[in-house]
Amino acid sequence: MKSLLPSLSSVSILLCLLCGTATAQDPRVRTSLPDQGELRVGQRVSFIVELLVPGYFSGSAAFDLPAPGGLLLIPPVGNPVVSSEEIGGVNYTVQRHELSVFSRRAGERTIPPFPVRFAFKRQPLDKISVPAKMSTEAITFTASLPPGAEHLGSLISARNLEAVESWKPEPGKAKAGDAFTRTITFTAPEVPAMAFPPFPAGKIDGLGIYPKAPEVLDHSERGELTGKRVDTVTYLCQRAGQFTIPATRLTWFDLDSKQLKTIDFPARTLDVAANPALASAAPAAAESTPSAPRSVMPFVRGGLVTAALLAAFTLKPVRIRILKAVRRIAAPFYPIHLQPLNPQTHPA
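Residues numbered from 1 in each chain as written. Predicted model: local features only at pLDDT ≥ 70, side-chain atom pairs only at ≥ 80, totals over all residues. Heavy atoms only, no water.

Undergrad: I tried to follow the sheet that holds strand β14 (residues 173-175) on my own but got confused; where do I start?
TA: Within a sheet, each strand pairs with its neighbour through backbone hydrogen bonds, oriented either parallel or antiparallel. Ordered by their spatial adjacency, three strands build an open sheet running β14-β22-β19, and the pairing between neighbours is mixed. Single-partner strands in this sheet number two, and they are β14 and β19 (241-245). Pairwise comparison of adjacent strand axes, ignoring direction, gives a mean angle of 30° for this sheet. (Pairing = 2+ DSSP bridges. Helix = DSSP H or I, 4+ residues; strand = E, 2+ residues; numbered from the N terminus. Axes fitted to C-alpha atoms, helices over the stretch in contact; angles between N-to-C directions.)

Dropping the structure here:
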(Lines give C-alpha, C1' and ligand atoms only; values in the text may rest on other atoms or scores of the structure.)
Protein backbone atom coordinates (compact mmCIF):
# COMPACT_ATOMS: atom_id res chain seq x y z
CA MET A 1 0.00 0.00 0.00
CA LYS A 2 2.87 2.30 0.80
CA SER A 3 4.34 1.67 -2.62
CA LEU A 4 1.38 3.43 -4.23
CA LEU A 5 1.97 6.71 -2.41
CA PRO A 6 4.80 7.94 -4.65
CA SER A 7 2.73 7.18 -7.73
CA LEU A 8 -0.29 9.06 -6.41
CA SER A 9 1.89 12.02 -5.47
CA SER A 10 3.38 12.10 -8.94
CA VAL A 11 -0.07 12.03 -10.53
CA SER A 12 -1.27 14.86 -8.30
CA ILE A 13 1.74 16.97 -9.17
CA LEU A 14 1.21 16.30 -12.88
CA LEU A 15 -2.47 17.28 -12.68
CA CYS A 16 -1.57 20.50 -10.89
CA LEU A 17 0.97 21.34 -13.56
CA LEU A 18 -1.53 20.62 -16.32
CA CYS A 19 -4.19 22.76 -14.64
CA GLY A 20 -1.67 25.55 -14.13
CA THR A 21 -0.62 25.36 -17.77
CA ALA A 22 -4.22 25.44 -18.96
CA THR A 23 -4.93 28.49 -16.80
CA ALA A 24 -1.79 30.23 -18.02
CA GLN A 25 -2.86 29.66 -21.62
CA ASP A 26 -6.30 31.17 -21.23
CA PRO A 27 -7.05 34.54 -22.87
CA ARG A 28 -6.62 37.68 -20.79
CA VAL A 29 -7.81 41.29 -20.76
CA ARG A 30 -6.03 44.38 -19.42
CA THR A 31 -7.38 47.90 -18.98
CA SER A 32 -5.51 51.13 -18.35
CA LEU A 33 -5.95 54.88 -18.36
CA PRO A 34 -2.81 56.66 -19.65
CA ASP A 35 -1.65 59.80 -17.87
CA GLN A 36 -3.33 62.66 -19.76
CA GLY A 37 -2.80 65.47 -17.30
CA GLU A 38 -5.70 67.46 -15.89
CA LEU A 39 -8.96 66.18 -17.38
CA ARG A 40 -11.86 68.52 -18.14
CA VAL A 41 -15.57 67.94 -18.54
CA GLY A 42 -16.30 67.21 -22.21
CA GLN A 43 -12.70 66.22 -22.97
CA ARG A 44 -11.90 62.96 -24.69
CA VAL A 45 -10.27 60.53 -22.27
CA SER A 46 -8.29 57.69 -23.86
CA PHE A 47 -9.27 54.32 -22.34
CA ILE A 48 -7.04 51.39 -23.33
CA VAL A 49 -8.33 47.80 -23.51
CA GLU A 50 -5.76 45.10 -24.37
CA LEU A 51 -6.84 41.58 -25.36
CA LEU A 52 -4.31 38.74 -25.07
CA VAL A 53 -4.81 35.29 -26.60
CA PRO A 54 -2.45 32.27 -26.61
CA GLY A 55 -2.60 31.96 -30.37
CA TYR A 56 -4.14 34.07 -33.12
CA PHE A 57 -7.24 36.27 -33.22
CA SER A 58 -10.15 35.17 -35.38
CA GLY A 59 -12.48 37.98 -36.42
CA SER A 60 -13.15 41.30 -34.70
CA ALA A 61 -13.75 41.99 -31.05
CA ALA A 62 -17.16 43.27 -29.83
CA PHE A 63 -17.52 45.64 -26.88
CA ASP A 64 -20.80 45.58 -24.93
CA LEU A 65 -20.51 49.14 -23.67
CA PRO A 66 -22.72 50.29 -20.79
CA ALA A 67 -24.39 53.69 -20.47
CA PRO A 68 -23.33 54.93 -17.03
CA GLY A 69 -24.76 58.20 -15.77
CA GLY A 70 -22.54 61.19 -16.44
CA LEU A 71 -20.32 59.33 -18.93
CA LEU A 72 -20.33 58.78 -22.66
CA LEU A 73 -18.46 55.66 -23.86
CA ILE A 74 -17.63 55.34 -27.56
CA PRO A 75 -16.19 52.18 -29.15
CA PRO A 76 -12.77 52.23 -30.83
CA VAL A 77 -12.37 53.63 -34.34
CA GLY A 78 -10.14 51.93 -36.90
CA ASN A 79 -8.07 48.80 -36.50
CA PRO A 80 -6.37 47.79 -33.24
CA VAL A 81 -2.60 47.82 -32.77
CA VAL A 82 -1.37 44.19 -32.83
CA SER A 83 1.77 42.98 -31.07
CA SER A 84 3.10 39.91 -29.26
CA GLU A 85 4.11 39.34 -25.66
CA GLU A 86 5.55 36.48 -23.64
CA ILE A 87 4.14 35.85 -20.16
CA GLY A 88 5.31 32.93 -18.05
CA GLY A 89 6.83 31.18 -21.03
CA VAL A 90 3.60 31.48 -23.07
CA ASN A 91 3.48 33.58 -26.25
CA TYR A 92 0.43 35.84 -26.54
CA THR A 93 -0.93 37.87 -29.44
CA VAL A 94 -2.04 41.27 -28.15
CA GLN A 95 -4.71 43.59 -29.57
CA ARG A 96 -4.60 47.14 -28.22
CA HIS A 97 -7.95 48.96 -28.54
CA GLU A 98 -8.36 52.65 -27.71
CA LEU A 99 -11.84 53.66 -26.61
CA SER A 100 -13.11 57.21 -26.02
CA VAL A 101 -14.69 58.34 -22.77
CA PHE A 102 -16.32 61.74 -22.13
CA SER A 103 -17.33 63.02 -18.73
CA ARG A 104 -20.53 65.05 -18.85
CA ARG A 105 -20.33 66.17 -15.23
CA ALA A 106 -17.57 67.29 -12.92
CA GLY A 107 -16.23 65.11 -10.15
CA GLU A 108 -15.01 61.55 -9.75
CA ARG A 109 -16.28 59.25 -12.48
CA THR A 110 -16.00 55.46 -12.72
CA ILE A 111 -15.89 53.45 -15.94
CA PRO A 112 -17.74 50.29 -14.90
CA PRO A 113 -16.67 46.79 -16.00
CA PHE A 114 -18.16 45.62 -19.29
CA PRO A 115 -17.86 42.38 -21.32
CA VAL A 116 -15.71 41.99 -24.42
CA ARG A 117 -16.43 39.17 -26.87
CA PHE A 118 -13.85 37.78 -29.30
CA ALA A 119 -12.56 34.50 -30.77
CA PHE A 120 -9.13 33.02 -31.37
CA LYS A 121 -7.30 29.98 -32.72
CA ARG A 122 -4.52 28.26 -30.81
CA GLN A 123 -2.83 27.23 -34.07
CA PRO A 124 -2.93 29.11 -37.40
CA LEU A 125 -4.42 26.14 -39.29
CA ASP A 126 -7.14 25.33 -36.75
CA LYS A 127 -10.55 25.16 -38.42
CA ILE A 128 -12.53 25.83 -35.24
CA SER A 129 -12.21 29.11 -33.35
CA VAL A 130 -12.41 29.28 -29.59
CA PRO A 131 -15.01 31.83 -28.39
CA ALA A 132 -14.11 33.99 -25.42
CA LYS A 133 -15.99 36.50 -23.28
CA MET A 134 -14.12 38.48 -20.66
CA SER A 135 -14.85 41.50 -18.50
CA THR A 136 -12.78 44.65 -18.09
CA GLU A 137 -11.82 46.15 -14.76
CA ALA A 138 -13.41 49.27 -13.31
CA ILE A 139 -11.31 52.44 -13.62
CA THR A 140 -11.88 55.77 -11.87
CA PHE A 141 -10.79 59.27 -12.92
CA THR A 142 -11.64 62.86 -12.03
CA ALA A 143 -12.86 65.58 -14.42
CA SER A 144 -13.02 69.27 -13.53
CA LEU A 145 -15.25 72.00 -14.92
CA PRO A 146 -13.51 75.02 -16.50
CA PRO A 147 -14.14 78.37 -14.76
CA GLY A 148 -17.18 80.14 -16.18
CA ALA A 149 -18.83 76.95 -17.49
CA GLU A 150 -20.99 76.33 -14.42
CA HIS A 151 -24.15 77.53 -16.20
CA LEU A 152 -23.67 75.38 -19.31
CA GLY A 153 -25.82 72.29 -19.69
CA SER A 154 -23.21 70.47 -21.77
CA LEU A 155 -19.65 71.23 -22.81
CA ILE A 156 -17.08 70.11 -25.36
CA SER A 157 -13.41 70.51 -24.43
CA ALA A 158 -11.23 70.21 -27.53
CA ARG A 159 -8.57 71.69 -29.74
CA ASN A 160 -9.15 73.50 -33.05
CA LEU A 161 -12.91 72.97 -33.03
CA GLU A 162 -14.51 74.44 -36.15
CA ALA A 163 -18.10 75.02 -37.27
CA VAL A 164 -19.17 76.00 -40.80
CA GLU A 165 -22.70 77.13 -41.70
CA SER A 166 -24.13 77.34 -45.24
CA TRP A 167 -27.56 78.14 -46.76
CA LYS A 168 -29.07 77.17 -50.12
CA PRO A 169 -30.38 79.64 -51.18
CA GLU A 170 -29.41 82.53 -48.91
CA PRO A 171 -32.34 83.63 -46.67
CA GLY A 172 -34.15 86.82 -47.65
CA LYS A 173 -37.20 87.52 -49.75
CA ALA A 174 -39.32 84.51 -50.62
CA LYS A 175 -42.86 83.42 -51.42
CA ALA A 176 -45.08 80.77 -49.91
CA GLY A 177 -43.91 77.32 -50.97
CA ASP A 178 -40.20 78.21 -51.14
CA ALA A 179 -37.70 76.12 -49.18
CA PHE A 180 -34.31 76.95 -47.64
CA THR A 181 -31.73 74.32 -46.68
CA ARG A 182 -29.33 75.00 -43.82
CA THR A 183 -26.18 72.88 -43.28
CA ILE A 184 -23.98 73.04 -40.17
CA THR A 185 -20.70 71.09 -40.09
CA PHE A 186 -18.72 70.50 -36.88
CA THR A 187 -15.15 69.13 -36.94
CA ALA A 188 -12.44 68.69 -34.31
CA PRO A 189 -9.42 66.45 -33.79
CA GLU A 190 -9.63 63.89 -31.00
CA VAL A 191 -13.40 64.35 -30.76
CA PRO A 192 -15.64 61.53 -32.09
CA ALA A 193 -18.61 62.75 -34.10
CA MET A 194 -21.04 61.31 -31.56
CA ALA A 195 -19.74 63.76 -28.95
CA PHE A 196 -20.97 66.86 -30.84
CA PRO A 197 -24.36 68.16 -29.64
CA PRO A 198 -27.32 68.05 -32.07
CA PHE A 199 -28.13 71.37 -33.69
CA PRO A 200 -31.49 72.71 -32.36
CA ALA A 201 -34.12 72.87 -35.11
CA GLY A 202 -36.87 74.49 -33.02
CA LYS A 203 -40.45 75.33 -34.03
CA ILE A 204 -41.69 78.48 -35.79
CA ASP A 205 -45.36 79.07 -36.62
CA GLY A 206 -45.68 79.52 -40.38
CA LEU A 207 -42.53 77.58 -41.23
CA GLY A 208 -42.28 73.85 -41.75
CA ILE A 209 -38.98 72.76 -40.15
CA TYR A 210 -37.62 69.38 -41.23
CA PRO A 211 -34.28 68.24 -39.73
CA LYS A 212 -32.48 65.46 -41.56
CA ALA A 213 -30.78 62.60 -39.73
CA PRO A 214 -27.23 63.82 -38.94
CA GLU A 215 -24.17 62.51 -40.76
CA VAL A 216 -21.72 61.16 -38.19
CA LEU A 217 -18.25 60.58 -39.65
CA ASP A 218 -15.05 59.56 -37.88
CA HIS A 219 -11.71 59.42 -39.66
CA SER A 220 -8.61 57.81 -38.18
CA GLU A 221 -5.18 58.20 -39.78
CA ARG A 222 -2.03 56.90 -38.10
CA GLY A 223 -3.82 56.72 -34.79
CA GLU A 224 -5.11 60.32 -34.96
CA LEU A 225 -8.89 60.65 -34.80
CA THR A 226 -10.92 63.45 -36.41
CA GLY A 227 -14.66 63.65 -35.83
CA LYS A 228 -17.17 65.31 -38.15
CA ARG A 229 -20.90 65.88 -37.68
CA VAL A 230 -23.16 67.37 -40.38
CA ASP A 231 -26.65 68.64 -39.47
CA THR A 232 -29.08 69.59 -42.24
CA VAL A 233 -32.35 71.47 -41.64
CA THR A 234 -34.92 72.45 -44.29
CA TYR A 235 -37.26 75.42 -43.72
CA LEU A 236 -40.46 75.44 -45.82
CA CYS A 237 -42.41 78.72 -46.11
CA GLN A 238 -46.03 77.73 -45.46
CA ARG A 239 -47.70 81.15 -45.63
CA ALA A 240 -47.02 84.83 -46.14
CA GLY A 241 -45.42 86.86 -43.35
CA GLN A 242 -42.10 87.76 -41.76
CA PHE A 243 -40.36 84.97 -39.86
CA THR A 244 -37.16 85.12 -37.79
CA ILE A 245 -34.99 82.07 -37.26
CA PRO A 246 -33.37 82.81 -33.89
CA ALA A 247 -29.64 83.03 -33.30
CA THR A 248 -27.79 80.06 -31.79
CA ARG A 249 -24.51 79.94 -29.85
CA LEU A 250 -22.12 77.07 -29.11
CA THR A 251 -19.73 77.52 -26.18
CA TRP A 252 -16.71 75.22 -25.94
CA PHE A 253 -13.47 75.04 -23.95
CA ASP A 254 -10.15 75.38 -25.79
CA LEU A 255 -7.64 73.00 -24.22
CA ASP A 256 -4.71 74.91 -25.73
CA SER A 257 -5.60 78.44 -24.63
CA LYS A 258 -7.43 77.26 -21.48
CA GLN A 259 -10.31 79.58 -22.30
CA LEU A 260 -14.01 79.32 -23.10
CA LYS A 261 -14.80 80.23 -26.71
CA THR A 262 -18.05 80.78 -28.56
CA ILE A 263 -19.29 80.12 -32.09
CA ASP A 264 -22.31 82.25 -33.07
CA PHE A 265 -24.91 81.37 -35.68
CA PRO A 266 -26.69 84.69 -36.43
CA ALA A 267 -30.45 85.11 -36.67
CA ARG A 268 -31.99 84.99 -40.15
CA THR A 269 -35.19 86.71 -41.36
CA LEU A 270 -37.48 85.44 -44.11
CA ASP A 271 -39.85 87.94 -45.78
CA VAL A 272 -42.43 85.64 -47.31
CA ALA A 273 -44.93 86.97 -49.83
CA ALA A 274 -48.19 85.32 -50.88
CA ASN A 275 -47.99 82.88 -53.77
CA PRO A 276 -50.92 83.25 -56.25
CA ALA A 277 -50.09 79.89 -57.77
CA LEU A 278 -50.73 78.12 -54.45
CA ALA A 279 -53.92 80.11 -53.84
CA SER A 280 -55.43 79.04 -57.19
CA ALA A 281 -54.36 75.43 -56.86
CA ALA A 282 -56.82 74.60 -54.04
CA PRO A 283 -60.06 75.68 -55.86
CA ALA A 284 -58.90 73.90 -59.01
CA ALA A 285 -58.33 70.70 -57.04
CA ALA A 286 -61.79 70.98 -55.45
CA GLU A 287 -63.49 71.44 -58.81
CA SER A 288 -61.74 68.40 -60.26
CA THR A 289 -63.08 66.08 -57.50
CA PRO A 290 -65.45 63.57 -59.15
CA SER A 291 -69.01 63.30 -57.81
CA ALA A 292 -71.99 61.06 -58.51
CA PRO A 293 -73.94 62.10 -61.67
CA ARG A 294 -77.08 64.05 -60.86
CA SER A 295 -79.06 61.93 -63.36
CA VAL A 296 -78.57 58.85 -61.19
CA MET A 297 -80.14 60.32 -58.04
CA PRO A 298 -83.84 60.18 -59.19
CA PHE A 299 -83.49 56.46 -59.91
CA VAL A 300 -81.88 55.89 -56.55
CA ARG A 301 -84.64 57.77 -54.74
CA GLY A 302 -87.30 55.89 -56.64
CA GLY A 303 -85.71 52.58 -55.76
CA LEU A 304 -85.60 53.49 -52.12
CA VAL A 305 -89.27 54.48 -52.05
CA THR A 306 -90.32 51.27 -53.77
CA ALA A 307 -88.31 49.16 -51.36
CA ALA A 308 -89.84 50.96 -48.39
CA LEU A 309 -93.43 50.38 -49.65
CA LEU A 310 -92.79 46.70 -50.20
CA ALA A 311 -91.31 46.34 -46.76
CA ALA A 312 -94.45 47.90 -45.22
CA PHE A 313 -96.61 44.94 -46.37
CA THR A 314 -94.29 42.24 -45.03
CA LEU A 315 -93.81 40.84 -41.58
CA LYS A 316 -91.89 42.94 -39.09
CA PRO A 317 -88.67 40.77 -38.91
CA VAL A 318 -88.45 40.63 -42.69
CA ARG A 319 -89.19 44.34 -42.94
CA ILE A 320 -86.36 45.15 -40.55
CA ARG A 321 -83.89 43.07 -42.54
CA ILE A 322 -84.96 44.71 -45.80
CA LEU A 323 -84.61 48.20 -44.36
CA LYS A 324 -81.11 47.41 -43.10
CA ALA A 325 -80.13 46.10 -46.52
CA VAL A 326 -81.54 49.24 -48.19
CA ARG A 327 -79.52 51.46 -45.87
CA ARG A 328 -76.32 49.60 -46.71
CA ILE A 329 -76.99 49.94 -50.45
CA ALA A 330 -77.89 53.61 -50.24
CA ALA A 331 -75.10 54.60 -47.86
CA PRO A 332 -72.67 55.70 -50.66
CA PHE A 333 -75.27 58.20 -51.91
CA TYR A 334 -75.95 59.91 -48.58
CA PRO A 335 -74.46 63.45 -48.30
CA ILE A 336 -71.19 63.63 -46.31
CA HIS A 337 -70.54 66.67 -44.09
CA LEU A 338 -66.77 67.31 -43.75
CA GLN A 339 -65.16 69.33 -40.99
CA PRO A 340 -63.74 72.61 -42.35
CA LEU A 341 -60.03 72.60 -42.98
CA ASN A 342 -59.76 76.12 -41.54
CA PRO A 343 -62.38 76.46 -38.77
CA GLN A 344 -63.38 80.00 -37.94
CA THR A 345 -62.52 81.40 -34.53
CA HIS A 346 -65.24 83.15 -32.50
CA PRO A 347 -64.44 86.07 -30.24
CA ALA A 348 -64.78 85.36 -26.54
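Undergrad: For this particular structure, what's the right way to read the sheet that holds strand β21 (residues 259-265)?
TA: Read from one edge to the other, the open sheet built from three strands follows the order β12-β20-β21, with strand pairing classed as mixed. Where the open sheet ends on each side, the last strands, each with one partner, are β12 (157-158) and β21. Pairing of β12 with strand β20 (residues 248-254), which is carried by two bridges, proceeds in the parallel orientation. Paired with alanine 158 across the bridge in β20 is aspartate 254.

Undergrad: Would you take a moment to explain the packing of aromatic side chains for this structure?
TA: Aromatic ring pairs are defined here through the distance separating the ring centres and the angle between the ring planes. Inspection of the entire model under this criterion finds six aromatic pairs. For the pair phenylalanine 186 and phenylalanine 196, a centre-to-centre distance of 5.8 Å together with 20° between the ring planes defines the contact as stacked. With phenylalanine 186 in strand β15 (residues 179-189) and phenylalanine 196 in the loop between β15 and β16 (207-211), this pair connects stretches of sequence that are 10 residues apart. As far as the burial class goes, phenylalanine 186 and phenylalanine 196 line up, both buried. Judged by centre distance (5.3 Å) and plane angle (85°), the ring pair of phenylalanine 199 and phenylalanine 265 falls under edge-to-face. (Phe/Tyr/Trp six-rings, centres within 6.5 Å; stacked < 30°, edge-to-face > 60°. Buried < 20%, exposed > 50% of the residue type's maximum accessible area, 1.4 Å probe, protein only.)

Undergrad: Could you clarify how one ought to interpret the environment of threonine 234 in this entry?
TA: Structurally, threonine 234 can be placed in strand β18 (residues 224-237). Under the relative-accessibility criterion, threonine 234 is labelled partly exposed at 24%. Separated by 53 residues in sequence, threonine 234 and threonine 181 place their C-alpha atoms 4.4 Å apart. Apart from the residues within four sequence positions on either side, threonine 234 is in contact with Ala179, Phe180, Thr181, Gly208, Ile209 and Tyr210. (Contact = heavy atoms within 4.5 Å.)

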